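# Architecture and fold: a report
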Amino acid sequence: MAQGFKLKSNNKNPKKSKPTHQKKQLSKGRKSFATKGKKAVAAREETQTTKDINRKNEAAVAARAVGAGNTFYLKDIKEAGKKEIGKKKENLRKKESKSVKMSERLKEQLNKLK
C-alpha cells in the first residue's frame, strides 16, 4: 500500500454535523421565562379552571367518603363532603317534587277531559 492513501467512505464525520439550537438555560433565579400578553392571560385562565375542577372533584370525593360512613379526621374535607351531600339531596328533592307536580297536573287535565 502507498503511504497517505485513504479510502473515502459514505459515512459523514459526526464531528462536522450541524450545531443544534439550544434553549437558554438559567443557572440561578427563576426556572423559566415568564409568559407575556395573550399567553399569560390564557395560562392564568387555564390554571383557574384547573383549580375549580380540582375543588369540585375533591368535594365529590369527600361526599362519597363521608357518605360511606368512614371516620374522617380532616375537618375541611369533612365539611365539604357534608355540603356536597346536602346539595345533591336538595337537587334530588327538587327533581322529585317537579315530577310529582307534573304528574298531578297531567292527571287533573285528564280528569277534565273525561
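The following paragraphs examine the structure supplied in this document. The model shown is predicted, which means the values in this text are computed figures rather than measured ones.

## Some details on the overall build of the protein chain
For the protein chain, the count of helices and strands is two helices and zero strands. A buried classification covers 8% of the 114 residues belonging to the protein chain.

## A short note on helix α1 (residues 38–67)
Taking 1.5 Å per residue, 30 residues should reach 44 Å; α1 reaches 43 Å between its end C-alpha atoms and fits that length. Within α1 the residues assigned to the buried category are Ala-40, Ala-59, Ala-62, Ala-63, Ala-65 and Val-66. Buried residues along α1 sit in contact with α2 (75–113). Phi turns positive, to about 90 degrees, at Gly-69, one or two residues after α1.

## With respect to the pattern of salt bridges
Here the structure, examined in full by the defined rule, presents two salt bridges. Across the salt bridge formed by Asp-52 and Arg-55, the nearest N and O atoms sit 2.8 Å from each other. Taken together, the positions of Asp-52 and Arg-55, both in helix α1 and three residues apart, correspond to about one turn of that helix. Its relative accessible area of 36% is what places Asp-52 among the partly exposed residues. Judged by its relative accessible area of 52%, Arg-55 is exposed. Close ionic contact of Glu-90 with Lys-94 constitutes a salt bridge, the shortest N to O distance being 3.8 Å. Of this pair, Glu-90 and Lys-94 both sit in helix α2, four residues apart, roughly one helical turn. A residue is classified by how much of its surface remains accessible, and Glu-90, at 41% relative accessible area, is partly exposed.

## Thoughts on α2
Helix length check: α2, at 39 residues, gives a terminal C-alpha distance of 57 Å against a target of 57 Å (1.5 Å per residue), a fit within 8%. Inspection of α2 places Ile-77, Gly-81 and Glu-84 among the buried residues, and these make up the whole buried set. Buried positions along α2 lie against α1.

## Structural notes on the side chain of Glu-84
Topologically, Glu-84 is positioned in helix α2. With no salt bridge to any partner, buried Glu-84 finds its closest opposite charge in Lys-88, at an N-O distance of 4.0 Å. With sequence-adjacent residues up to four places away left out, Glu-84 is seen in contact with Ala-59, Ala-60 and Ala-63.

Conventions we followed
- Residues numbered from 1 in each chain as written.
- Predicted model: local features only at pLDDT ≥ 70, side-chain atom pairs only at ≥ 80, totals over all residues.
- Heavy atoms only, no water.
- Helix = DSSP H or I, 4+ residues; strand = E, 2+ residues; numbered from the N terminus.
- Buried < 20%, exposed > 50% of the residue type's maximum accessible area, 1.4 Å probe, protein only.
- Expected span 1.5 Å × (residues − 1).
- Contact = heavy atoms within 4.5 Å.
- Salt bridge = Lys/Arg side-chain N within 4 Å of Asp/Glu carboxyl O.
- Lys, Arg positive; Asp, Glu negative; His and termini not counted.

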